[in-house]
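# Structural overview for review
Now for the letters of each chain:
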Amino acid sequence: MAPFRESIRRIARKMETCEEWIELERDLREPIAVGSAPPGLALRWAEKRDLFAINALEGFVKETDFMAAALDRGDRCLLLEDEDGIQAFAWVTFTDFKLALWYTLSLAPGECYLVYIFVHPYFAGQGVGTYLLGRLMTEMRDLGAIRMISGMYRNWEVSFRLHSKMGFRIRRTLSQCRLLNIFPTPPRAI
Ligand SMILES: CC(C)(COP(=O)(O)OP(=O)(O)OC[C@H]1O[C@@H](n2cnc3c(N)ncnc32)[C@H](O)[C@@H]1OP(=O)(O)O)[C@@H](O)C(=O)NCCC(=O)NCCS
């Protein structure tokens, strides 16, 4: 290779930052251990009136209108609340999900995708995430889903442990890179 082209490539590699995205799957036909309900927290499906509070929990990641449209399309969100409000939620979709500029996760019939699970830090490490995910899995199974897909960056250790504990297995690993931390390059399977 011409030395000039090689040195350009070397500089480009130095400017590139990459993150590993792990895609996991769980066969919902296998037994699901839900565990006991956390004391003081009640479970219910989210409605549109909850979206502002759900969004505020995670610092307004998405427009509330975007989430309302997703609920209209059939997304479901299971939440746990107490007298102070919503303390945890888990959002699931049945439609193809755009994960990055270049990558849309396609869902086969019977598959659903766990878009996000969140537990308020006050309740962290007390089994709330385990219970919520377990209940979401049984609810999805009862609605006819046979597989739940999920995904996370490799360094989201607590989330990875929660998923592993609940029977999720790695389906594939993708590497998402950005040039100069700005321009995403297409994810590639590792
Ligand atoms: C990931 C998250 C939902 C877990 O909720 P949680 O209620 O704390 O989870 P649980 O208490 O049920 O713990 C589940 C498992 O996670 C692991 N875990 C929990 N807290 C941990 C900690 N502080 N350090 C290391 N591992 C931990 C343990 O393996 C635990 O199972 P075990 O107690 O039986 O060993 C929560 O930490 C969260 O909301 N994180 C921020 C949002 C996020 O990253 N969401 C995931 C997107 S994919």
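Report on the accompanying structure.

Rules used throughout
- Residues numbered from 1 in each chain as written.
- Predicted model: local features only at pLDDT ≥ 70, side-chain atom pairs only at ≥ 80, totals over all residues.
- Helix = DSSP H or I, 4+ residues; strand = E, 2+ residues; numbered from the N terminus.
- Contact = placed C-beta atoms within 7 Å.
- Near = placed C-beta within 6 Å.
- Core = buried A, V, L, I, M, F, W, Y, C linked by C-beta atoms within 7 Å.
- Buried ≥ 20, exposed ≤ 12 C-beta atoms within 10 Å, placed from the backbone.

## Structural notes on the overall build of the chain
- A count of helical and extended segments in the chain gives 5 helices and 10 strands.
- Along the first, second and third principal axes, the C-alpha set of the chain runs to 65 × 35 × 35 Å.
- Sequence separation of 24 or more characterises 67% of the internal contacts of the chain that already satisfy a separation of 6 or more.

## Considering the site of the ligand
- Of all residues adjacent to the ligand, which total 18 residues, the nearest are Val128, Gly129, Thr130, Ser159 and Arg161.
- Going through the elements one at a time, strand S7 (111–119), helix H4 (128–142) and helix H5 (157–165) are the ones with two or more residues in the shell around the ligand.
- If you tally residues by element for the shell around the ligand, the top one is H5, at 5 residues.

## Observations concerning the environment of Val92
- Looking at the secondary structure, you find Val92 in strand S4 (residues 85–93).
- With near-sequence residues (within four places) excluded, Val92 lies in contact with Asp75, Arg76, Cys112, Tyr113, Leu114, Val115, Leu136 and Met140.

## Here we look at the nonpolar core
- Grouped together as the largest cluster of nonpolar side chains are 34 residues, with contacts concentrated most on Cys77, Leu79, Phe89, Ala90, Val92, Leu132 and Leu136.
- Those elements giving two or more residues to this core turn out to be strand S1 (16–27), helix H2 (51–57), strand S3 (76–82), S4, S7, H4 and strand S8 (147–153).
- The dominant element in this core, judged by the number of residues it contributes, is H4, at 7 residues.
- Discounting residues that sit within four places of it in the chain, Ala90 has contacts with Cys77, Leu78, Leu114, Ile117, Leu132, Leu133 and Leu136.

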